[in-house]
Amino acid sequence: MKILVIGGGGREHALAWKLKLSPGVDRMFCAPGNAGTAEIGENVAISVNDLAALVRFARENRVDLSVVGPDDLLAAGIVDLFVAEGLRVFGPTKAAARIESSKIFAKELMRQQGIPTAQAGAFERSDDALRFCDRLQFPIVIKADGLALGKGVIIAPDAASARSTIDEMMNQRRFGEAGRRVVVEEFLRGTECSLHALVDGRNYRLLESARDHKRAFDGDVGPNTGGMGAFSPADNWNSKQQLQFEEKIMRPVLHGLLAERITFRGLLYPGLMITEDGARVLEFNCRFGDPETQAILPRMKSDLLPLLEATIDERVGNCSIEWDHRPAVSVVLASGGYPNKYETGKIISGLDEAVKLEDVQIFHAGTSWVRGELVTAGGRVLAVTALGSTIEGARARAYDAVSRIHFENCHYRRDVALTAGTDNIGKLL
Ligand code: AMP
Ligand code: GLY
């Protein structure tokens, strides 16, 4: 089969790597890909924003299955375009992707189905939003309704910052149209956990749990990033929580979508806060997490391709997934300055030494080949994943690999997978 993976980050490299291991795959395209995907397949120089060109490429090259990585393409309706052309594609339709692209839609669905989540209100007028803030205890959380490159969630410690955040989002349109409407909600205390489910409309199969590290610096401080590392399984997850999660979150959300006549086929990733009263939903994502995917897929023993196919064909309920019981730790190497201003074009060395280590897998994100040199080309550059018989062993091995890789101004967190027991209240300080 010919596969096209759409996107160019670490998640897409991990997806392409895992799919390439399938005996069913004989050709792998990545658009636009990165230096890592170029080693396992053929990069196609099409921007992810050029949906028409992606459709054309898949049609002209008789691609058998396209797999979409990024959320904004799903929200823009890339799957609907592929399907209209009779092309097979993994991911939810535009209508189904609203579960991520509209926080108000997701909140309303949760309310209707009684899914545990933060108490919230949705607003179109800033004065209504401000009045609602007075009814909650600070800190409170203010979220732009639409997609805002992961920056649309602000935690306001007091009334003054709530007022300025609401004004910036709703009146000054700091996030454009995405902030025209906002959700204001209660701040939940606890630890976060990422669950991934292959959903075929009616049935689903859960992948192994994971936790990511969103803040730039050790100790969960500094600005939010796209993710500085992840580990799997999550240390705050157990089988009892999983049963409750399935009963109170997974089944009701699928039921609620079907009641809205929405068939969600693809990857549904609820982001959870594990509170004293159990798991509550922070958000629903409609695609694989980044960097969770880089920690989860190296643990998957089963072939991913038939699982994606079963999801599309509405028979995922018959599938079982085999896992490597060993934990995985994935450390992201970023360009100094990320998520703010950073330089690119720095020569990367030491990868050959690092990959020689047993049970180490290196996924590229912002990398490219320039005049025969591997150089940095983005904020997040690499994700270095290692398996180990214990989480400590996996950590030690991942950091051993990291220590062999060099580029100027390389920045990474030293505490990936060391967060056991840390709750999110510390992040505010
Ligand atoms: P979201 O995009 O909704 O997942 O929000 C991004 C991040 O903001 C989450 O991963 C949490 O760290 C934080 N967050 C979102 N909602 C809440 C909440 N109600 N209480 C505490 N933290 C939150
Ligand atoms: N790991 C966070 C995300 O993919 O949204």
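Whatever comes next refers back to the structure up there.
Read on for a plain summary of the structure. (Residues numbered from 1 in each chain as written. Chains lettered and ligands numbered in written order. Predicted model: local features only at pLDDT ≥ 70, side-chain atom pairs only at ≥ 80, totals over all residues. Heavy atoms only, no water.)

Here we look at the overall build of the chain
What counts is decided by this rule: Helix numbers and strand numbers start at the N terminus; a helix is a DSSP run of H or I with at least 4 residues, a strand a run of E with at least 2. Values of the radius of gyration come from C-alpha atoms, whereas the globule rule sets the reference at 2.2 Å times the count of residues to the power 0.38. Burial here depends on accessible area, computed with a 1.4 Å probe over protein chains only, as a share of the maximum for the residue type. Under 20% is buried, over 50% is exposed, and the range in between is partly exposed. Should any heavy atoms of two residues lie within 4.5 Å, those residues are considered in contact. Note on charges: Lys and Arg go in the positive column, Asp and Glu in the negative column, and His and the chain ends are not counted at all. Charge placement uses NZ in Lys and CZ in Arg. For Asp and Glu, CG and CD serve respectively.
Looking only at helices and strands, the chain features 14 helices and 24 strands. Against the compact-globule benchmark of 22 Å for 429 residues, the chain has a radius of gyration of 21 Å, which places it among compact chains. For the chain, the spread of C-alpha atoms along the three principal axes comes to 60 × 45 × 45 Å. For the chain, with 429 residues in total, the buried portion stands at 57%. Pairs at least 24 residues apart make up 69% of the contacts formed inside the chain by residues separated by at least 6 positions. Computing the positive centroid from 52 side-chain charges and the negative centroid from 56, the chain places the two 2 Å apart.

Notes on the sheet that holds strand E2 (residues 27-32)
To keep things clear, this is the line we draw: Between any two strands, pairing holds if DSSP finds at least two bridges. Axis definition: a line fitted to C-alpha atoms, limited for helices to the stretch in contact. Angles are taken between N-to-C directions and run from 0 to 180 degrees.
In space, the five strands of this open sheet follow the order E3-E2-E1-E4-E5, with parallel pairing throughout. Single-partner strands in this sheet number two, and they are strand E3 (42-43) and strand E5 (89-90). In this sheet, strand E4 (residues 65-68) lies alongside strand E1 (residues 2-7) in parallel orientation, the contact comprising four bridges. For Ile3, the partnering residue across the bridge sits in E4 and is Leu65. Sitting on the sheet, helix H3 (residues 51-60) touches E1, E2 and E4, and the angle it makes with E1 is about 170 degrees.

What to know about the site of ligand 1
What counts, and what does not: The criterion for a residue being near a molecule or strand is simple. One of its heavy atoms has to lie within 4 Å of it. Polar contacts, as counted here, are pairs of nitrogen or oxygen atoms within 3.5 Å of one another; within protein the pair requires one atom able to donate a hydrogen and one able to accept it, and residues that are adjacent in sequence qualify only if both atoms are side-chain atoms. Computed with the Shrake-Rupley method and a 1.4 Å probe, the accessible areas treat only the protein chains shown as cover for residues.
Taken together, 15 residues form the shell around ligand 1, and within it Glu185, Leu188, Glu192, Lys214 and Glu283 come nearest. Within the side chain of Glu283, one N or O atom sits 2.7 Å away from an oxygen atom of ligand 1. Within the complex, 90% of the 470 Å² of free accessible area of ligand 1 lies under protein. Taken together, the elements giving at least two residues each to the shell around ligand 1 come down to strand E7 (140-144), strand E9 (182-186) and strand E18 (278-285).

Thoughts on the site of ligand 2
What surrounds ligand 2 is the set Asp212, Lys214, Tyr269, Arg287, Gly289, Asp290 and Glu292. At 2.7 Å, a side-chain N or O of Asp212 approaches a nitrogen atom of ligand 2. A distance of 2.7 Å separates a nitrogen atom of ligand 2 from a polar atom in the side chain of Glu292. When ligand 2 is considered free in solution it has 200 Å² of accessible area, and contact with the protein chains removes 87% of it.

Examining the state of the cysteines
Convention followed: Two cysteine sulfurs form what is called a disulfide whenever their separation falls within 2.5 Å.
For the structure on display, the rule yields zero disulfides. Free of any disulfide, Cys193 has its nearest neighbouring cysteine sulfur in Cys286, separated by 19 Å. Its relative accessible area of 2% is what places Cys193 among the buried residues. Look at Cys286 and you get buried, because its relative accessible area is 2%.

Notes on the pattern of salt bridges
Inclusion rule: The term salt bridge refers to a pairing of a side-chain nitrogen on Lys or Arg with a carboxyl oxygen on Asp or Glu at a separation within 4 Å.
Under the criterion given, the structure shown has 35 salt bridges. Linking Lys214 and Asp212 is a salt bridge whose minimum nitrogen-to-oxygen distance equals 3.7 Å. When its relative accessible area of 29% is taken as the criterion, Lys214 is described as partly exposed.

A look at the environment of Ala35
Along the chain, the position of Ala35 falls in helix H2 (residues 35-40). For Ala35 and Leu109, which are 74 residues apart along the polypeptide, the C-alpha to C-alpha distance reads 40 Å. Residues contacting Ala35, with those up to four places away along its chain left out, are His364, Thr367, Ser368, Trp369 and Leu374.

Description of the pairing of strand E19 (residues 328-335)
Taking burial as the measure, the eight residues of E19 include eight buried ones, the bulk of the element. Where strand E16 (residues 229-232) and E19 come together, four bridges link them in antiparallel fashion. Paired with Phe231 across the strands is Val329, a residue of E19. In the sheet, E19 pairs with strand E23 (residues 380-387) via seven bridges, with the strands oriented antiparallel. Pairing of Leu333 across the sheet is with Leu382, part of E23.

Observations regarding the side chain of Arg395
As for its placement among the helices and strands, Arg395 is situated in helix H14 (residues 391-403). Excluding its chain neighbours within four sequence positions, the residues that come into contact with Arg395 are Val329, Arg414, Asp415, Val416, Ala417 and Leu418.

Brief notes about the packing of helix H6 (residues 94-101) against helix H7 (residues 103-113)
Put simply, the rule reads: Working definition: roughly parallel below 35 degrees, roughly antiparallel above 145 degrees, roughly perpendicular at 65 to 115 degrees, and oblique for all remaining angles.
Contact geometry of H6 with H7 gives a least axis separation of 6 Å together with a crossing angle of 90 degrees. Considering their axes alone, H6 and H7 lie roughly perpendicular with respect to each other. Residues Arg98, Ile99 and Ser101 of H6 lie in contact with H7, whose contacting residues are Lys103, Phe105, Ala106 and Leu109.

Digging into the packing of aromatic side chains
How we decide: Classification of ring pairs rests on two measures: the distance between centres of Phe, Tyr or Trp rings, Trp counted by its six-membered ring, which must be within 6.5 Å, and the angle between planes, read as stacked under 30 degrees, edge-to-face over 60 and tilted in between. Only lysine NZ and arginine CZ atoms are considered, and such an atom sits over a ring when it is within 6 Å of the ring centre and within 35 degrees of the ring normal.
Applying the stated rule across the entire model yields seven aromatic pairs. Seen from their ring centres, Tyr399 and Tyr412 are 6.2 Å apart, and the 40 degrees between their planes marks the pair as tilted. Pair noted here: Tyr399 is in helix H14 and Tyr412 is in the segment after strand E24 (410-411), with a separation of 13 residues, a long-range link. Exposure remark for Tyr399: the relative accessible area of 15% places this residue in the buried category. Of the residues examined, Tyr412 reaches a relative accessible area of 17% and is grouped as buried. The positively charged end of Arg414 is found above the aromatic ring belonging to Tyr412, 4.2 Å away from the centroid.

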